[in-house]
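Architecture at a glance
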Amino acid sequence: MKITVAVAHAPERPFELIECDLADDLAPDEVLVRVVACGICHTDLAVKLQHIPVPLPKVLGHEGAGVIERVGAQTVGLAEGDHVLMSFGSCGGCEECRLGAPGYCDEFGMINLFGQRRLGSGLRYRGAALGASFFAQSAFASHAIATVRNVVKIDKDLPLDLLAPFGCGIQTGAGAVLNVLSPKAGASIAVFGVGAVGMAAIMAAKLAGCSNIIAVDVRGDRLVLAREIGATHTIDGRTPELAKAVAALGRGRGVDHSLDTTGVPDVVTASIACLRQRGSSAQVAAPPRGTRFAAEANVLVGGGLTMRGVIEGDAVPQLFLPQLVEFFRQGRLPIDQIVSFYPFEQINRAIEDMESGATVKPVLRMS
């Protein structure tokens, strides 16, 4: 089967759209999805730039949404014509998967980053295997092979293009708040970095009933948008003594919770230092390897603070994504305010706009 894909060749080269061959064979637990849309995530760029050293060339894309065209022999509950969102893959058999924590699957790296697939690479170009199965999908493509563990069926009346980012970015930000920090109604929270993940976190904080929701960023337009979707306060990230400025908005005692999406060491330090006694901080960024975060021991230990790394919002996609979809149906998750659409062939323009800050969340439409 001939399909069109966008290939990442090297850090300095733009994505290239090419035609290649997609394998006909499906494993019993796999499905063939016609991709309708795919969000662009910073993890895609981290791989292309080799901040995450996955071998290139590779077909990336891991926020795919589309329509099932064919199913494997053991795909219970899925059928041709079903509309699905695609998320991260997991093995299903390790202890973490059995405990309901697939984001910490023993095989997470092999499945999601290195594209380990039972039947080998599903893509070939000029007779040679092409790196594929990124996050068990490689959705920068017109078609993708996914698995029953990383697709979530949704109603056919829902907009696939708008909901595509649920599979990673929205799930990560909202899940870090709702599943990990779990703020009580009336709690205060500071979100450092309000790109797509940070915006999703602000939406989730509003859903949770937080009273003080503080958005921190260096872009004024992002801060304006953050207020529109739920932030009660905003702070320029270049403010001197940033941690103290944020803490002052937590009713003078520091904030109950914080979330950092930047991975910038000084910002991470501020996200910890702004907490009140027994406060908690979630870290979701994927900075370059070797990055170190600093926290004063007397602040961390003396304050009884909790600092948690979070992958994919600690979500089980089959359980959490339907919750997010329901919030969207209710009008309580206004992701339409942060999404911008681009034709598939404009993938490089979409990335430029994301990197410049001109758009918050670019989504590629494949047709």
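That block above? That's the structure.
I will try to describe carefully the structure that is included in this document. (Residues numbered from 1 in each chain as written. Predicted model: local features only at pLDDT ≥ 70, side-chain atom pairs only at ≥ 80, totals over all residues. Heavy atoms only, no water.)

1. Considerations on the sheet that holds strand S15 (residues 275-283)
In plain terms, the rule: Strands are treated as partners if at least two bridges between them are detected by DSSP. Helical segments are the DSSP runs of H or I of at least four residues, strand segments are the runs of E of at least two, and each set is numbered from the N terminus. Axis lines are fitted through C-alpha atoms, for helices just across the contact stretch, and the angle between N-to-C directions can take any value from 0 to 180 degrees. Any two residues whose heavy atoms approach within 4.5 Å at even a single point are treated as in contact.
Strand order in this open sheet of six strands is S13-S12-S11-S14-S15-S16, and the pairing throughout is parallel. Whereas interior strands pair on both sides, the edge strands pair on one side only; in this sheet they are strand S13 (233-236) and strand S16 (306-309). Each adjacent strand pair in this sheet contributes to an overall mean axis angle of 15 degrees, direction not counted. In the sheet, strand S11 (residues 188-192) pairs with strand S12 (residues 212-217) via five bridges, with the strands oriented parallel. Looking at the pairing, Val191 lines up with Ala215 of S12. Its contacts with the sheet put helix H5 (residues 169-181) on S11, strand S14 (255-260), S15 and S16, and the angle it makes with S14 is roughly 145 degrees.

2. Re the sheet that holds strand S1 (residues 2-8)
Spatially, the five strands line up as an open sheet ordered S4-S1-S2-S7-S8, and their pairing is antiparallel. On the outer flanks of this sheet lie strand S4 (58-59) and strand S8 (128-130), each paired with one strand and no other. Bridge analysis of strand S2 (residues 16-22) against strand S7 (residues 123-125) gives two bridges, and the strand direction is antiparallel. Within the sheet, the bridge partner assigned to Asp21 lies in S7 and is Arg124.

3. Examining the pattern of salt bridges
Pairs may arise between side chains of opposite charge once their charged atoms sit close together. To keep things clear, this is the line we draw: Put simply, a salt bridge is a Lys or Arg side-chain nitrogen that is within 4 Å of an Asp or Glu carboxyl oxygen. Accessible area is worked out with a 1.4 Å probe on protein chains only. A residue is then buried under 20% of its type maximum, exposed over 50%, and partly exposed in between.
All told, the structure shown has 16 salt bridges when counted by the stated rule. Arg117 serves as the salt-bridge partner of Glu30, at 2.8 Å between the closest nitrogen and oxygen. On the criterion of sequence distance, the pair formed by Glu30 in strand S3 (residues 30-39) and Arg117 in the loop between helix H3 (108-113) and S7 is long-range, its members being 87 residues apart. Across the pair, exposure class does not vary: Glu30 and Arg117 are buried alike. The residue Lys153 makes a salt bridge to Asp82 at a minimum N-O spacing of 3.6 Å. Taken as a pair, Lys153 in strand S10 (residues 151-154) and Asp82 in the loop between strand S5 (64-71) and strand S6 (83-86) lie far apart in primary sequence, 71 residues in all. Of the residues examined, Asp82 reaches a relative accessible area of 7% and is grouped as buried. Linked through salt bridges whose partners overlap, the residues forming this network are Asp155, Asp157 and Arg329.

4. A few points about the layout of surface pockets
Stated formally: Any residue with an atom within 4 Å of a point lines the site, the site being either a cavity, points on a 1 Å grid over the protein atoms alone where a 1.4 Å probe fits but cannot get out, or a pocket, an open set with protein on both sides within 12 Å along at least 5 of 7 lines. Grid points are joined across faces, edges and corners, and a volume is the space filled by probe spheres set on the points. Amino acid classes used here: Ala, Val, Leu, Ile, Met, Phe, Trp, Tyr, Cys and Pro are nonpolar; Asp, Glu, Lys and Arg are charged; the rest, including Gly, are polar.
There is about 330 Å³ of room inside the second largest pocket. Along the walls of the second largest pocket sit 16 residues, with Asp29, Gln116, Arg117, Arg118 and Thr147 positioned nearest its centre. For the lining of the second largest pocket, the element with the highest residue contribution is strand S9 (residues 143-147), accounting for three residues. Taken together, the residues of the lining of the second largest pocket break down into six nonpolar, five polar and five charged.

5. Structural notes on helix H12 (residues 347-356)
Side chains three or four residues apart in an α-helix point the same way, a direct result of the helix having 3.6 residues per turn. Put simply, the test is: It is the directions from the helix axis to the C-beta atoms that the arc portrays.
Among the residues making up H12, those that are buried are Ile347, Ala350, Ile351, Asp353 and Met354. Each buried residue of H12 lies within a common arc of 160 degrees when the element is viewed along its axis, so the set occupies one face. Positive backbone phi, approximately 90 degrees, marks Gly357, located one or two places after H12.

6. Describing the state of the cysteines
Applied cut-off: Cysteine sulfur atoms that come within 2.5 Å of each other are treated as a disulfide pair.
According to the stated counting rule, one finds zero disulfides in the structure shown. Free cysteine Cys38: the closest other cysteine sulfur is in Cys41, separated by 9.5 Å. In this structure Cys38 comes out as buried when scored by relative accessible area, which is 0%. There is no disulfide at Cys91, and the cysteine sulfur nearest it, in Cys105, is 3.6 Å away. For Cys91, a relative accessible area of 35% gives the class partly exposed.

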